[in-house]
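Each chain, written out:
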Amino acid sequence: MGLETKPLSTLHEKASYEVADFEVPTGREEEWRFTPLRRLRGLHNGTAEANGKILVEVDAPGEVTVETVGRDDERLGKAYVPADRVSAQAWSAFTEAVVVTVPKETEVAAPVVIRRRGESVEGASYGHTTIVVERHARATVVLSHRGSATYADNVEFVVGDGASLSVISLQDWADDAVHVSHQHARLGRDARFVSHNISLGGDLVRISPSVAYTAPGGDAELYGVYFADGGQHLEHRLLVDHTGPHCRSRVDYRGALQDQDAHAVWIGDVIIRAEAEGTDTYELNRNLVLTDGTRVDSVPNLEILTGEVASAGHASASGRLDDDHLFYLQARGIPADEAKRMVVRGFLGQLIERIEVEDVRVKVEEAIEAELSR
């Protein structure tokens, strides 16, 4: 399990389980240039000692198997090889992992909920989660993150042939939390994967969702909602790696920012390899800037290595609220502040309403309302 070098001119050139195979980031590297390294508390350079504590609770229906396993469990690390130093550090430092298995041909009505709560930012914590949805099974998983922590982890989603998995990852940390996470999905033949990443809390949150296809017919939809306040850094770095023919992907991330030094970063990388003929893909990022003093970095990247694609495209837009929309509402007697809230609700609500789990959807709507009321 040594260093792998990928023959592509992308941001994802290396993969290894070994921390030493990755140089310590300086901030000048393309994959780190938007991240304030000084705020990572040593997660990137080996100085973050693994003496923190994260409490983990799992609620699952009876037909789902939930296990806490050691590092030597052979199911761990099969779907994903770390692609940067923090991910490799998380792989090297975790002591126990959560493995969730949905048996083949099982449709799970209630969601599997994995709650992680941090108690302090002192000392770092490292984690690993593997979700296996076997052939022709269907399930929904909620990943909930709360409290104060300095935390890095890897999450593997293994979706079998003809299976379907919907994941909702809620980053609702306290204001002092730092969280760096890699979430990787490996899809089998005709598998379906839907991801919702909602980032609201935390001092610095950097989430890296990725998807790889192992057979034809895979379908992935990646959605994201984030709301950055003053001083907050919310970063999402996506990779959709089309490695097989006749697969589909859709990406739609939307964010809002307000107050001084609120910073949102979105990087969307889509690779269509030479063997991925018939690929159908589109990625989109939109940001609403609500006040002065904020910063948005949005970079869509599309790398196509074959001429035989069904469809491929990307788009990115960041800007202020539309004056015409606000004027239209105010002309009908709606106060300016409420008009602004209505526009933001509609903008983010198009993705929030896609969240399948009602409790989570309501919680996100309430959190957005709280943000808009500040």
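Provided above is the structure to which this section pertains.
Residues numbered from 1 in each chain as written. Predicted model: local features only at pLDDT ≥ 70, side-chain atom pairs only at ≥ 80, totals over all residues. Heavy atoms only, no water.

A. Quick look at the overall build of the protein. A tally of helices and strands in the protein yields four helices and 20 strands. For the protein, the C-alpha radius of gyration of 20 Å lies close to 21 Å, the compact-globule estimate for 374 residues. Projected onto its principal axes, the C-alpha positions of the protein cover 60 × 50 × 45 Å. Evaluated residue by residue, the protein yields a buried proportion of 55% over its 374 residues. Long-range pairs, those at least 24 residues apart, make up 84% of the contacts in the protein with a sequence separation of at least 6. As displayed, the protein has an accessible area near 15600 Å², and 44% of this comes from carbon and sulfur atoms. Computed over 39 positive and 61 negative side-chain charges, the separation of the two mean positions in the protein equals 1 Å. (Helix = DSSP H or I, 4+ residues; strand = E, 2+ residues; numbered from the N terminus. Rg over C-alpha atoms; globule rule 2.2 N^0.38 Å. Buried < 20%, exposed > 50% of the residue type's maximum accessible area, 1.4 Å probe, protein only. Contact = heavy atoms within 4.5 Å. Areas by Shrake-Rupley, 256 points an atom, 1.4 Å probe, with all protein chains shown as cover. Lys, Arg positive; Asp, Glu negative; His and termini not counted. Charge placed at Lys NZ, Arg CZ, Asp CG, Glu CD.)

B. How the structure looks around the nonpolar core. Core analysis: the largest hydrophobic core is formed by 49 residues, its most contacted members being Ile131, Phe157, Leu165, Leu187, Phe193, Val211 and Leu222. Ignoring anything within four residues of it in the chain, the contact list for Phe193 reads Phe157, Val159, Leu165, Val167, Ala185, Leu187, Val211, Asp219, Ala220, Glu221 and Leu222. Of all hydrophobic cores here, the second largest spans 24 residues; its members include Ile168, Leu170, Ile198 and Val357. (Core = buried A, V, L, I, M, F, W, Y, C linked by side-chain atoms within 4.5 Å.)

C. Structural context of the sheet that holds strand β3 (residues 54–59). Judged by pairing direction, the sheet is mixed, and its nine strands sit side by side in the order β3-β6-β8-β10-β12-β14-β16-β18-β20 without closing on themselves. Each edge of the open sheet is held by one strand with a lone partner, namely β3 and β20 (309–320). The mean inter-strand angle of the sheet, taken between neighbouring strand axes irrespective of direction, is 10°. Both strand β14 (residues 219–228) and strand β16 (residues 248–257) contribute to a ladder of 10 bridges, which runs parallel. In the strand pairing of β16, Asp219 is matched with Arg248. (Pairing = 2+ DSSP bridges. Axes fitted to C-alpha atoms, helices over the stretch in contact; angles between N-to-C directions.)

D. Representation of unusual backbone geometry within the structure. Residues other than glycine seldom take positive phi values, yet Arg41 does so here, at roughly 60°. Its location among the elements puts Arg41 in the loop between β2 (14–15) and β3. Here Arg41 falls in the partly exposed class, since its relative accessible area comes to 32%. Despite not being glycine, Asp190 has its phi angle at roughly 55°, a positive value. Mapped onto the fold, Asp190 is located in the loop between β11 (178–187) and β12 (192–199).

E. Just the pattern of salt bridges, in detail. In this structure the tally under the stated criterion is 20 salt bridges. For Arg248, the salt bridge identified is with Glu221, shortest N-O distance 3.1 Å. Note that Arg248 is positioned in strand β16 and Glu221 in strand β14, a separation of 27 residues in sequence. Through salt bridges that share partners, Asp84, Arg206, Glu235 and Arg237 make up one connected network. (Salt bridge = Lys/Arg side-chain N within 4 Å of Asp/Glu carboxyl O.)

F. The pairing of strand β9 (residues 150–159), seen in detail. Among the 10 residues of β9, 10 are classified as buried, and the element is accordingly described as predominantly covered. Burial along β9 is two-sided: the face carrying Thr150, Ala152, Asn154, Glu156 and Val158 and the face carrying Tyr151, Asp153, Val155, Phe157 and Val159 are both buried. Of the pairings in the sheet, the one linking strand β7 (residues 125–133) to β9 comprises nine bridges and is parallel in character. Across the sheet, residue Val132 finds its bridge partner in β9, namely Val158.

G. Representation of the packing of aromatic side chains within the structure. All chains considered together, the criterion is met by four aromatic pairs. Each ring, one from Tyr17 and one from Trp91, has its centre 5.1 Å from the other, and the planes form 50°; the classification is tilted. Remark: Trp91 occurs in helix α1 (residues 85–93) and Tyr17 occurs in the loop between β2 and β3; sequence separation between them is 74 residues. With a relative accessible area of 9%, Tyr17 lands in the buried category. One Lys or Arg, Arg71, reaches over the ring of Trp91 and ends 5.5 Å from the middle of that ring. Taking the ring centre of Trp32 as reference, the NZ or CZ of Arg206 above it sits at 3.8 Å. (Phe/Tyr/Trp six-rings, centres within 6.5 Å; stacked < 30°, edge-to-face > 60°. Lys NZ or Arg CZ within 6 Å of the ring centre and 35° of its normal.)

H. Here's a closer look at the sheet that holds strand β4 (residues 65–70). The strand order β4-β5-β7-β9-β11-β13-β15-β17-β19 describes an open sheet built from nine strands, whose pairing is mixed. Strand pairing shows two members of the sheet lacking a second neighbour, β4 and β19 (295–304), which therefore form its edges. Put simply, the sheet's adjacent strands are angled 10° from each other on average, direction ignored. As judged from the 10 bridges shared by β9 and β11, these two strands associate in the parallel manner. Bridge pairing links Val155 to Gln183 in β11. Across the sheet, α1 touches β7, β9 and β11, and the angle it forms with β9 is around 85°.

I. Representation of the side chain of Ser199 in the model. In this fold, Ser199 is placed in strand β12. A polar contact of 2.8 Å, which involves the side chain of Ser199, links it to the side chain of His236. When residues no more than four places from it in sequence are discounted, the contact partners of Ser199 are Gln171, Val205, Ile207, Val225, Tyr226, Phe227, Leu234 and His236. (Polar contact = N/O pair within 3.5 Å; in protein donor to acceptor, adjacent residues only side chain to side chain.)

J. Summary view of helix α4 (residues 358–372). Its 15 residues give α4 an end-to-end C-alpha distance of 21 Å, which sits within 8% of 21 Å, the value for a rise of 1.5 Å per residue. The complete set of buried residues in α4 reads Val360, Val364, Ile368, Glu371 and Leu372. Angularly, the buried residues of α4 cover 110° about the axis, an arc narrow enough to put them on a single face. With respect to the buried face of α4, the exposed residues turned more than 90 degrees away are Glu358, Asp359 and Glu366. (Expected span 1.5 Å × (residues − 1). Arc of directions from axis to C-beta.)

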